[in-house]
Amino acid sequence: MPRFYCPQPLAAGLTVDLPEAVAHHLHVVRLQPGATLTLFNGEGGQYRATLSESGKRRATATVDAFEDVEAETPYSVTLAQGLPEGSKMDWIVEKAVELGVTAIQPLAAQRSVVRLAGERLDKRQAHWQGVIVAASEQCGRNRLARLHPLLEVQPWLTAPADGVRILLSPRATESLAGWARANTPQAVTFLIGPEGGLTPQEEAAAVAAGALSLSMGPRVLRTETAGLAALAVLAGAWGGI
């Protein structure tokens, strides 16, 4: 059943205008009035609806019933990701949403090659938000992961932590899997460097700010792999997969 994010009040009996992007998609795939849709507005649960009208730029649907369905992990997890090159961030955001991430914090690290500011930054943030929406529609999540504004590593470290901050490092002596097995589910933030990793100064600052240094084994993972692997390790230990 097609699922679409519809950021507006939804309730059984309402006929709602669908977002223009959704209307265009329905027109392209030639979905006809009478088809059944699933809508969600990010506030929890989803709604079964019937397509009432479908045109190139406008579509409406009648909301039939609320379904109390959730696909969230039983804990909060933030991915603080050093900006990678090219389209890698799109991949990271998409897969992190599928793996249940609660929030994504883009970070400008010292070794980040990509530098974003002004209009270019605004466009990338809007693009990543669109990736979050599309990934949520695809994977069945009814709550959108929060996308935080881009920050540099040092200012981010001085801000209040959202749970336990974990610095993933192949040089750490304690494993993430072992730590997860020894602890109950709780709010966690993973700090991931860009290509080339975080600098020694950034790692030292993270540890000084209270971050735990944990390892996922002797192999050095690419920036687009590390955070996703960490999310999977945590979900395997605490539930969510």
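Bear in mind the structure is a predicted one, so any value in this text is a computation, not a measurement.

Rules used throughout
Residues numbered from 1 in each chain as written. Predicted model: local features only at pLDDT ≥ 70, side-chain atom pairs only at ≥ 80, totals over all residues. Heavy atoms only, no water. Pairing = 2+ DSSP bridges. Helix = DSSP H or I, 4+ residues; strand = E, 2+ residues; numbered from the N terminus. Axes fitted to C-alpha atoms, helices over the stretch in contact; angles between N-to-C directions. Contact = heavy atoms within 4.5 Å. 1 Å grid on protein atoms, 1.4 Å probe; cavity = no way out; pocket = protein on both sides within 12 Å on 5 of 7 lines; lining within 4 Å. Points joined across faces, edges and corners; volume = space filled by probe spheres on them. Nonpolar A, V, L, I, M, F, W, Y, C, P; charged D, E, K, R; others polar. Core = buried A, V, L, I, M, F, W, Y, C linked by side-chain atoms within 4.5 Å. Buried < 20%, exposed > 50% of the residue type's maximum accessible area, 1.4 Å probe, protein only. Disulfide = S-S within 2.5 Å. Polar contact = N/O pair within 3.5 Å; in protein donor to acceptor, adjacent residues only side chain to side chain. Salt bridge = Lys/Arg side-chain N within 4 Å of Asp/Glu carboxyl O.

### Overview of the pairing of strand β5 (residues 59-67)
Within a regular beta strand, the side chains point alternately toward one face of the sheet and then the other, so they alternate between its two faces. Here three bridges tie strand β2 (residues 15-17) to β5, and the two strands are oriented antiparallel to one another. Residue T15 lies in a different strand from β5, and its bridge partner there is T62. As judged from the eight bridges shared by strand β4 (residues 46-54) and β5, these two strands associate in the antiparallel manner. Looking at the pairing, T50 lines up with T62 of β5. Hairpin connection between β4 and β5: a loop of four residues separates the two successive antiparallel strands.

### A few points about the sheet that holds strand β1 (residues 3-5)
What the five strands build is an open sheet, ordered β1-β3-β4-β5-β2; its pairing is mixed. The sheet terminates laterally at β1 and β2, the two strands that pair on one side only. Neighbouring strand axes in the sheet, compared pairwise and without regard to direction, differ in orientation by 40 degrees on average. The strands touched by helix α1 (residues 20-28) are β1, β3 (36-40), β4 and β5; relative to β1, the strand with the most contacts, the crossing angle is about 155 degrees. Taken strand by strand, helix α3 (residues 118-139) contacts β1 and β3, and its axis lies near 150 degrees from that of β1.

### What to know about the layout of surface pockets
Approximately 500 Å³ is the volume found for the largest pocket. Elements with a contribution of two residues or more to the lining of the largest pocket: β10 (164-168), β12 (188-192), α6 (200-208), β13 (212-215) and α7 (223-238). At three residues, α7 tops the list of elements feeding residues into the lining of the largest pocket. When grouped by side-chain class, the residues that make up the lining of the largest pocket number 13 nonpolar, eight polar and eight charged.

### Brief notes about the nonpolar core
The biggest cluster of nonpolar side chains holds 42 residues, and the ones touching the most others in it are V101, I132, I166, L176, W179, F190 and L234. Elements with a minimum of two residues in this core: β6 (77-82), α2 (88-98), β7 (103-108), α3, β10, α5 (176-182), β12 and α7. Element by element, the count of residues in this core is highest for α7, at seven residues. Each residue touching L234, except ones within four places of it in the same chain, is listed here: Y75, V77, W179, A180, V188, F190 and G239. Counting 16 residues, the second-largest nonpolar core is a separate cluster that includes C6, L10, A61 and V63.

### A closer look at the state of the cysteines
Tallied over the entire structure, the rule returns zero disulfides. Here C6 is not disulfide-linked; the sulfur of C139 is the nearest cysteine sulfur, at 18 Å.

### Some remarks on the environment of T50
Relative to the assigned elements, T50 resides in strand β4. Each C-alpha atom, one on T50 and one on A21, is 18 Å from the other, the two residues being 29 residues apart in sequence. Filtering out sequence-adjacent residues up to four positions away, T50 remains in contact with G34, A35, T60, A61, T62 and D64. A polar contact is formed between the side chain of T50 and the side chain of D64, at a distance of 2.7 Å.

### Description of the pattern of salt bridges
Per the counting criterion, the structure on display carries 14 salt bridges. Between E195 and K88 there is a salt bridge, with the nearest N and O atoms lying 3.1 Å from each other. Residue E195 is found in the loop between β12 and α6, and its partner K88 is found in helix α2; the two are separated by 107 residues along the sequence. Across the pair E224 and K88 runs a salt bridge, and its minimum N-O distance is 3.9 Å. Here E224 is found in helix α7, whereas its partner K88 is found in helix α2, with 136 residues between them in sequence. By relative accessible area, E224 is classed as buried at 18%. The network of salt bridges with shared partners includes D17, E53 and R58.

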